[in-house]
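So the chains spell out like this:
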Amino acid sequence: MASTGGKSRLKTRPEFLSSYKNKRSIGPLHTCGSVAVSGDGSRLATCVAEEAVLTNILTGEEICRFAGDTQSITSLCLTPSASQLIIFTSAPSLRVYEIPTATTRNKIHPVRVVARAHDAPVHVCTIDPSSTYLASGSADGVVKVWDVKRGYITHIFKGHGGIVSALKFNFPRDPSVVVPQEILQLITASVDTRIRIFDLTATTRKGDQGARPIAVLEGHVSVPRGLDVTPDGKWLISGGRDSVVLVWNLHAKSGGVKSAEASTGKGKSNSPVLAQTIPVMERVEAVGLLLAGDLVPSGSASQLRFYTAGEKGVIRIWDVKDSSVLYSLSPVAGLQIEDQEEQRQIVEAIYLPSISTIVSVHADQNILFYDLNTRNLHRQLIGFNDEIVDAVFLSPNAPKSVDSHIAFATNSSLIRVYSTTGLDARLLTGHTEIVLSLDHGAGGQLFASGSKDRSVRLWAPALPNDNLPTEWGCAPVAMSRTFGEGGTTGVQFMFSGSQDRTIKMWYIGDVPLVFDASQHGQSLMKCKSLTTHKAHEKDINSLDVAPNDRLLASGSQDRTAKIYGIDFSRATGDRSARGEIKLLGTCKGHKRGVWTVRFGRSERVLATGSGDKTVKLWNLEDFTCVKTFEGHTNSVLRVDFINHGMQLVTSASDGLVKLWNVREEECTATMDNHEDKVWALAISTDERTIVSAAADSVVTFWQDCTEEQEQENEAKRSELVLREQDFMNYLSLHDYRKAIQLALAMQQPGRLLSLFKDIRATPSESAADVSSVTGNSAVDEVLRTLGGSDLARLLRYVRDWNPNAKTSGVAQGVLYAIMKLRSADDVIAAFSDEAQEGILQSSGQESVKSTASGNTALKELVDGMIPYTERHLSRMDRLVQDSFVVDYILSEMDDGMFDGQDVDAMDVDTEVNS
């Protein structure tokens, strides 16, 4: 049988690859707390640990992170204009952030902080359609209304019998009314099962009585979790954990509802009444009305349409008139598994009328986008992948597009299939235990998964549909006695190795390469086991099949790798397929268990990675070790060949991915973006992309940038040569100003040191130079007019020269000149300018911390120069004192030392004696 696609790669660049860059990463997107989506559906705000993250949904790019207060986020919301993000933390504090217009790596700090917004944590908050008012409900039953722009409290509503569970503003706009009536209401719900309606305009008219609700609606017997009002303010809909949805008429003329105004006997007004009760047969966590374009609600309750979301993990669209479900929105059929119902339940749902989309947030941190026009799942975002243990590239649309998807096995029974261009993903169900291994075949159109449930499943793509993302389904299922680590070779046979220390060979020639969704739910075809072989003394960790389908390699915890010959006969006529494997040799040499094995693509060699931190290369002729690669500081978990087998890629438990030169046995590049074991390693068909995934739930796409790096280095070398030539020309012309500026620009302190030494060694005789501070008037002028960042850089060079006694003279001379020619304010401003330039280059926006960081840098520089300057001063003082001693000794010496030449001195001495 010929192995296709899945085991062969296109080789177009024989030169060594030496540089890979982090093209993009997929990290945790949502781990806890609330979720907010902009009105146009382009941006998503989520909680990751104690921080909020803003993500571009269309590209999958992280826009920014918002600095937290080390406390967990309990609630958040976006303004309708998506210009501000409001966060409540468990402190409980209120933090308001301005959303940046461009992507930035710097954390966004709040523009306003209210340290004690409530006396208890805030679990729900909402903003009115005009982005003017913010309502927040806390666990102590208090609701506060805030003026978002000015930051003060406008209303405080008390009296709720426990945690506030839902909030909704009611600002009706009825275009049919000539003179619109100003109605500003806030509707609240709490765990006491009551719904209260507050009039926001009543405070100014009625004083303290304005804090009392104008109506209290009783109808639920459990916590109401969702509220919504029609645009005209006539109909209110509420859903709760009592598995019913209630429809209220807010403009009814009859009584039956407790009213604050009625109880005081002050006039009559429209009182809300319960119009209809709809049993939904599940605990409701979110409910909302559908607006224009999505079944329009109007003045009649019989024309209302709404959606519910709750414990079953399904969004259902309801008709109020018939109290019936029009249709349901859910992932592909079969996604619900009984033991996963708790994880799949919906905890929050957001309706985006501008794009006819409903967003559901599930308990397992997944976020789903449903298109109401097509009634299909449009996009799925996975919030948290947990520990990723394997990855493999897929090509469901080959040869039209190659490596368009990538599958991940995580610490879950669900397989994640991502698009390589964004965050859109699909979850594949079928296994009942954790999936441990993945491999692909048939050019990436088919892939296999091995699980702890003792089964291996084959997955194929559904028929392509230009309007829908690619879906996958399970073709057959091969049942083995224990859970397996699988490896596919193509479409004829595959192998699985397991904890029972055996290798099974499976016939998969009858497996279709396309999944028929219409047959989903039918009994799956069982694969035939061709042979079972007792292979190792301990668990089998890895399998690999040679590119020619003639050899099989296995790696085990017994510290050995074994090579088997494959004997396979295709099914012909009445004769069924036959397969056997025969042991050819054993590779011994590792001191710990073998985690990974991989055949060379061009030569007859085998690479193995072990827990002894080494990678070994074995000759398949005599099964001897020919090379050993050392460099990882922990177990090597994955290994693969690239570049015609001239290079190796490895990943290990130290969180590093390394690129090796096979011939020289040296590491040529190290890629670091993980904080835990890198279990998964996948290489694209063209070898331009390496994907690493680790136990830290981070997926990194490394893109080959060797050619770009070489071009950039060559351009830098050419520019450096030109600058050096210009520098020498300036020196020959005595143009010290340009020479100093160029040396600073090239960041070459050695050339600057030589230049200042030459100036000190060759003093000028001109009157201007004699009176100059440095001995050269041109140099004085340069130091007097040097720019802010250049002056700061020169002072750092002076600090570096100062500790060395050989260069301290130059350092002290330059420092003296700067202190004489520049004021203290200039020096302080220089470091502030340098800090500001660095911030602008890194983030593209200003920061309030630039001045503080500049002052800190200046203080560190001064602290580093003072001790050595004092040491040099003490040394010079001692030298001057020693010079006086020498003078004294010479003056006291007798005439024999001078051979009678100092006659005048002797005469004076004689006169004194006389």
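Everything here concerns the structure above.
Predicted model, so just to flag it, every value in this text is computed and none were measured. (Residues numbered from 1 in each chain as written. Predicted model: local features only at pLDDT ≥ 70, side-chain atom pairs only at ≥ 80, totals over all residues. Heavy atoms only, no water.)

As for the overall build of the protein
Point 1. Check the secondary structure of the protein and you find 13 helices and 57 strands.
Point 2. Within the structure as shown, the protein displays about 41800 Å² of accessible surface, and the carbon and sulfur contribution to it stands at 49%. (Helix = DSSP H or I, 4+ residues; strand = E, 2+ residues; numbered from the N terminus. Areas by Shrake-Rupley, 256 points an atom, 1.4 Å probe, with all protein chains shown as cover.)

Quick notes on the packing of aromatic side chains
Point 1. The full count for this structure, using the stated rule, is 13 aromatic pairs.
Point 2. Each ring, one from Phe66 and one from Tyr97, has its centre 5.1 Å from the other, and the planes form 65°; the classification is edge-to-face. Linking Phe66 in strand 5 (residues 62-66) with Tyr97 in strand 8 (residues 94-98), this pair joins segments that are 31 residues apart in sequence. In terms of burial, Phe66 and Tyr97 fall into one category: buried.
Point 3. Judged by centre distance (5.5 Å) and plane angle (75°), the rings of Trp595 and Trp679 are edge-to-face. Here Trp595, found in strand 47 (residues 594-599), pairs with Trp679, found in the loop between strand 54 (666-672) and strand 55 (680-683); they are 84 residues apart in sequence, far enough to count as distant.
Point 4. The rings of Phe493, Phe495 and Phe568 are connected pair by pair, giving a single aromatic cluster. (Phe/Tyr/Trp six-rings, centres within 6.5 Å; stacked < 30°, edge-to-face > 60°. Buried < 20%, exposed > 50% of the residue type's maximum accessible area, 1.4 Å probe, protein only.)

Section: the sheet that holds strand 5
Point 1. Pairing is antiparallel in the open sheet, where 4 strands are placed in the order 2-3-4-5. This sheet does not close on itself; its edge strands, each paired only once, are strand 2 (32-37) and strand 5. With direction set aside, neighbouring strand axes in the sheet form an average angle of 20°.
Point 2. With 3 bridges joining them, strand 2 and strand 3 (residues 43-48) adopt antiparallel strand pairing. Across the sheet, the residue bridging to Cys32 is Cys47, located in strand 3. (Pairing = 2+ DSSP bridges. Axes fitted to C-alpha atoms, helices over the stretch in contact; angles between N-to-C directions.)

With respect to a nonpolar patch on the surface
Point 1. On the surface, a nonpolar cluster with roughly 540 Å² of combined accessible area is contributed by Val885, Val886, Tyr888, Ile889, Leu890 and Met893.
Point 2. Looking at where Met893 falls in the secondary structure, it is placed in the loop between helix 12 (850-892) and helix 13 (903-913).
Point 3. Among the residues examined, Met893 registers a relative accessible area of 32% and is labelled partly exposed. (Patch = residues over 30% accessible without salt bridge, like charges linked within 9 Å, V, L, I, M, F, W, Y side chains within 5 Å. Salt bridge = Lys/Arg side-chain N within 4 Å of Asp/Glu carboxyl O.)

A word on the pairing of strand 40 (residues 502-507)
Point 1. Of all 6 residues in strand 40, 6 are buried, a share of seventy percent or more.
Point 2. Along strand 40, one buried face is formed by Thr502, Lys504 and Trp506 and the opposite face, lined by Ile503, Met505 and Tyr507, is buried too.
Point 3. Where strand 39 (residues 493-498) and strand 40 come together, 5 bridges link them in antiparallel fashion. Opposite Phe495, over in strand 40, you have Met505 as the bridge partner.
Point 4. As paired strands, strand 40 and strand 42 (residues 528-534) are joined by 6 bridges and run antiparallel to one another. Note that in strand 42 the partner of Tyr507 across the bridge is Lys528.

Considering the sheet that holds strand 31 (residues 405-410)
Point 1. Reading across the sheet, the 4 strands line up as 30-31-32-33 and stay open at both edges, with antiparallel pairing between neighbours. Unpaired on one side and paired on the other, strand 30 (388-394) and strand 33 (425-428) mark the two borders of the sheet. The average angle at which neighbouring strand axes cross in this sheet is 20°, direction not considered.
Point 2. Pairing geometry for strand 30 and strand 31, over 6 bridges, is antiparallel. Looking at the pairing, Val392 lines up with Ala407 of strand 31.

Quick look at the pattern of salt bridges
Point 1. Applying the stated criterion to the full structure yields 31 salt bridges.
Point 2. Across the pair Arg305 and Asp319 runs a salt bridge whose closest N-O atoms are separated by 2.6 Å. Of the two residues, Arg305 sits in strand 23 (residues 305-310) while Asp319 sits in strand 24 (residues 315-319), which places them 14 residues apart along the sequence.
Point 3. A relative accessible area of 5% means that Asp319 is categorised as buried.

Some points on the packing of helix 6 (residues 749-761) against helix 9 (residues 788-801)
Point 1. At a closest axis distance of 11 Å, the pairing of helix 6 and helix 9 adopts a crossing angle of 80°. Classified by the interaxial angle, the pair formed by helix 6 and helix 9 is roughly perpendicular. Facing helix 6, whose interface residues are Pro749, Leu752, Leu753 and Phe756, helix 9 presents Leu794, Tyr797 and Trp801. (Parallel < 35°, antiparallel > 145°, perpendicular 65-115°, else oblique. Contact = heavy atoms within 4.5 Å.)

Digging into the environment of Pro461
Point 1. Structurally, the position occupied by Pro461 is in strand 36 (residues 455-461).
Point 2. As a C-alpha pair, Pro461 and Asn397 span 64 residues in sequence and 8.6 Å in three-dimensional space.

That's the geometry; what it means functionally is another story.
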